[in-house]
Each structure stands twice: as structure tokens, then as C-alpha cells.
Amino acid sequence: MSTFLNLMVYGLADGAILALAALGFVLIYKATSVINFAQGEFLLVGAYMFYTAFVVLQLPLVLAVVFGVVIATLIGVLVERLILRPMVGENPISIIMVTIGLSIFLRSVVQMFYGTRPQSQPAVLPTGSVNVLGATIPVNRLWVLLIAAVVLTAFTVFFRRSRHGIAMRAVADDQQAAMTMGISVRRIFAMAWALAAVSALIAGILLGDIYAVDQNIAAFGLLVFPVVILGGLDSVPGTIVGGLTIGLLKQFTSGYLDPGLATVIPYVVLVLILLVRPYGIFGETRIERV
Amino acid sequence: MSTTPVTGTSGAAATAAPGGSLLTLNNVEVIYDDVILVLRGLSLAVPEGKIVALLGSNGAGKSTTLKAVSGLLPSEHGEVTDGSVVFDGQDITRMDAAERVKQGMSLCMEGRHVFEHLSVAENLVAGAYTQKDSGEDLDVVYEFFPKLADMRNRVAGYLSGGEQQMLAIGRALMAKPKLLMLDEPSLGLAPLLVQEIFGYIKRLNTERGLTVLVIEQNARRALEVADHGYIMEQGRIVLEGPAAEMRENPDVKEFYLGLGEEGGRKSYRDVKHYKRRKRWL
């Protein structure tokens, strides 16, 4: 029982971070129809930006986060403006290749400045553990869950209630019609990339804190693919369900079966889902009126 | 002013009262993909507070005209290569589409184009994107289209065609336009619904003084509500005049209203036959 609880909390924390990472991916796909293979690197860059601010520049925590958000927004907007906008209307395969190139570029830049060794960063989230029903639960995982829940709720409210959020969904639905409403599609694209970079930054900071600030963050980011295929490429609720499912599945497999199998299992799910339900659990199907 | 075939390129601009027109197109030429010439020197004027109908057969360039006015051409690899579009005294030929909406024009695209996955209320909020505060306008639109108020939380994609058309018009109104442009509002609707939609268009014009430019295949219905009519063929205006006179014009009757000289309804086959033989240009 205590192992089960333990694995569950670890799995949920991993899953919550995955949901944040996948949210950025879904935002970009929904608004701009670009499949962003550099999402994992956005996490990596986010984690290192925070590290730079918090450890290298020794800014206070709040300022370090603000610094990270500003840089992430900037990177998101620049990537859209300089790399993706010239590609508008090009073949989707070319666009995918460009994002793969971007991922290699971002990873190399991080290696160039910080090397490949893990960086030591003092714990940001409270450490220690609590005892629940005989299981030792680390407090920082609970904080990860809480923070991810708050951020995901904030994003959901933004999409449901705010003028810009609704405009983003409108652009995702029908670009030309959105243009006739005076919605600037370019600005919405830039906003999607910026928000994706910010959600990746938060995921990156959390990952860096509970694991380590190193290159593995990008590998963890690769897990967004099983998550979004499971949840649906264009579904925000899907990222949460998909993220938690993959996170739990990984931890349970690792704890009860074999840690090696745990790295493979998300991709087994990916293949199975593609076979059975290619648009995912919550993926939007075309509305056909009869 | 009598109904006259227009042969010169600037006919419409010359006949329209200079101060009173909200929208003027002067010799507009539009080319798609650098090679396909769609509008060849089109001129027309929409006087403030009037309903203007733009008629013509498929492929005449009606939709392209509205896209040139609303700035949607660049998204379809089209371009205004000559002439000018003047709205509210301002040259907007090269203005960005979003900026034009802020200047006070709204377009209801052909085929309605509601945001299918958004609710009715969210569609309307999206329509008010250029407005700072849209709460009051929302009530005004709901008051005008009571049906929409009842369905505010429903997903737009599942509404019927007539309801979607109302939503599309309501959404366009949320931007508080001075000029409302409608591209085939009757497309795919049952005759009774077409009547209802045109009733709304007429009311918007009389009750709120909204200027309307409407494209229609349904020439009869359009000329009933319009003050002024233009007929397009192959990228040009070939005939124009007050709607009442257009309705009586024998050529219009024959080609667009499907009526013979004696006023009886002609069979579609005969009309088609004539159409091939006789053109204005």
C-alpha cells in the first residue's frame, strides 16, 4: 500500500509537469497547425534560463521567475517571427523539419554555454516529507501538483473567459473568419508561441527542481508526444488526462515491473492509440451537420 | 438616374454622389497568383445609409470584390494591382484586414463561417474583438436576434443553417460596423428562411441606419430590399441603377429574374440558352 501511494504521488507529479509541457505543444498546434518538435528543448531552455537567473545572477526567487517568463516570451515570439512565419503556407513536412532543426539548435546552444554536466541548483520547493498511511511522501511533489493545477486552471480560464483567449480559439477554428473580425492572426500566432514557451518554462523549472538541471530535461520533454497523441493533438483537457495517465503508467511500470520497461511503455501507448483512436481521447473531430 | 449599361471604366464613381458615399471602388483591378485577372477595373459606390446589391453569375468576381474591400486578398495570394478602395473618406487599398474592421466595416463571409467549436456567446465575443467593452452590444444583438439569446451556450457547429446565418450576422454586428457586407446570405437556406434573413437585413438598415452591401445569387430577393443594384460580369460592372428600375429592366428580368418580356416565368433552359447568346459586353 505504501509503495502504491508513493508511486502514485510520483506519477501524478511527473504527469502534471507533462501536462504543462503538452499544453504548450497543443497551443501551438491548435492555433498555428505547426507540430513543434522543439517543445522538449523549450523545457530545457526554460530550466536553464531560470538557473541562470537564480544561481548565476543570484536574483531572488520571484525575480528569477519573472526573468524566466520574460526571456521565454521573447524566445517564443522570436521563434515565431524569424523561423515559423517565413514558413507559412509551406509543406507541413518542411515545417516539421524546421522545428527539428530548431530543437537541435536550442540543445546545442545550451550545451555551448553550460556544458553537459548537471548544474547544481538549490532546492526551490520545500523539501522534506510527510507520512500518509505509512507511505513517505516527498513534499516537493505535492507542491509540483499544486503549482501545475494552478497554472493549468489559469490557462483554462484564459481560454474560456478572456477576449484574447477566445480570439485564439477562433483563429484555431477558422482563420479567415477570424480576420474578418479584426483579429490579427499574426499576433495570435506570436501569442501562442509565447504562451507555449512560458508553460514550458514552468514545466522546466519544476523538473529542474525535483530532478536535476541537465540535458535529460529535453528527453523528458519528448514524452509530450505520447501525451498529446493520447489526449488529442488539439485538446487542452486532453493534455491533463494524457499527462497524468502517462506519468502514472511510467511510475507504476517502473515500481512494479521494470524501470527499463518504464521508458518504453509511453511509446507503446503511443503506437496503440494511433492504431485504435488516431485523434486521441479528446481530439476534435470535424463537426458534420446532417 | 436611369438604368444604363456601363461601358466606361469609371462609370459608377462618376454617377455616385461624391460626398454621400461611404465606400467607393475606383477602377479596381485584382490579380490572383500574379496571373489570374479577376477584377478588371471595377468601380462602384455604396452611399451612406443605403442597401446596395451586387449581382452576377458564378465567377463574375463578386466575392473577390468583397475580399478586396475587406483586405482578405493577401491570405489567398490575391492582390489589388490597380485602382483604389476608399472607405469613409480614407484610402484603404493597402490597409491590413484587422485595421479595416477597426475603421468600421464587417464582412459576413460566404458559407457563414461561424466558429464551429465555440459557443454562440463565444462567437459573439470573438466578433467584438476590436471593441474594448462588448457587454452592452451583446445584449443589443440578443435583443435583435432573440433566437440567439435562447441558444447562447450551444456549440455553433451544431446550429441549423438559418441559425448559423443569424449568428454570422450578429457576430459581424458586434464589431459595431458602419458598413455591413454580406456574401450570399441566402446560400443553402430554405425560401422561408431567406425571407427572414432579408427581413433582418432590411430592419438593420431602416432601424439603425446601417449601410449594407450585399452579394446575391437570389437577384429577385436582393432587388426587393436594395436601394441600388449593380450587375457584374467577368470582373466588371455591366449594369447599374436604382433597384426599382433594375427590377423593371427587361434584360435583368430575362437573365436574373427568369421572367420573359410578357412577364411570365420562363423555363430555365430557355434562359440559359439566351445567356450564352447575348451578353452586354
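Residues numbered from 1 in each chain as written. Chains lettered and ligands numbered in written order. Predicted model: local features only at pLDDT ≥ 70, side-chain atom pairs only at ≥ 80, totals over all residues. Heavy atoms only, no water.

**With respect to the nonpolar core**
If you look at the biggest cluster of nonpolar residues, it comprises 127 residues, and the most contacted ones within it are A:Phe42, A:Ile183, B:Leu23, B:Leu179 and B:Leu213. Sort the elements by how many residues they give to this core and helix α8 (residues 185-210) of chain A lands first, with 18 residues. With residues near it in sequence (within four places) discarded, B:Leu213 still touches B:Leu23, B:Val46, B:Val52, B:Leu54, B:Leu66, B:Leu179, B:Leu180, B:Met181 and B:Leu182. (Core = buried A, V, L, I, M, F, W, Y, C linked by side-chain atoms within 4.5 Å. Buried < 20%, exposed > 50% of the residue type's maximum accessible area, 1.4 Å probe, protein only. Helix = DSSP H or I, 4+ residues; strand = E, 2+ residues; numbered from the N terminus. Contact = heavy atoms within 4.5 Å.)

**Quick look at the pattern of salt bridges**
On inspection of all chains with the given rule, the structure shows 10 salt bridges over all chains. With a closest N to O distance of 2.9 Å, A:Arg169 and B:Glu122 form a salt bridge. Here A:Arg169, found in helix α6 (residues 163-173), pairs with B:Glu122, found in helix α4 (residues 120-127), and the two come from separate chains. Of the residues examined, B:Glu122 reaches a relative accessible area of 11% and is grouped as buried. In this structure, B:Lys178 engages B:Asp88 in a salt bridge whose closest nitrogen and oxygen atoms are separated by 2.4 Å. Of this pair, B:Lys178 sits in the loop between α7 (161-173) and β8 (179-183) while B:Asp88 sits in the loop between β5 (78-87) and β6 (90-91); the two residues are 90 residues apart in sequence, bridging distant segments of the chain. Residue B:Lys178 is classed as partly exposed on the basis of its relative accessible area, which comes to 35%. Salt bridges linked by common partners bring A:Arg160, A:Arg169 and B:Glu122 together as one network. (Salt bridge = Lys/Arg side-chain N within 4 Å of Asp/Glu carboxyl O.)

**Brief notes about the packing of aromatic side chains**
All names here are of chain A. Scanning all chains against the criterion turns up 13 aromatic pairs over all chains. Both rings, one in Tyr48 and one in Tyr51, keep their centres 6.3 Å apart while their planes meet at 70°; by these two values the pair is edge-to-face. Within this pair, Tyr48 and its partner Tyr51 are both found in helix α2 (residues 39-56), separated by three residues, close to a single helical turn. For the pair shown, Tyr48 and Tyr51 are each scored as buried. Note on Tyr48 and Tyr114: the rings are 4.9 Å apart at their centroids and 45° apart in plane angle, and the pair reads as tilted. Taken together, the residues span a long stretch of sequence, with Tyr48 in helix α2 and Tyr114 in helix α4 (residues 92-114) at a distance of 66 residues. A relative accessible area of 0% means that Tyr48 is categorised as buried. (Phe/Tyr/Trp six-rings, centres within 6.5 Å; stacked < 30°, edge-to-face > 60°.)

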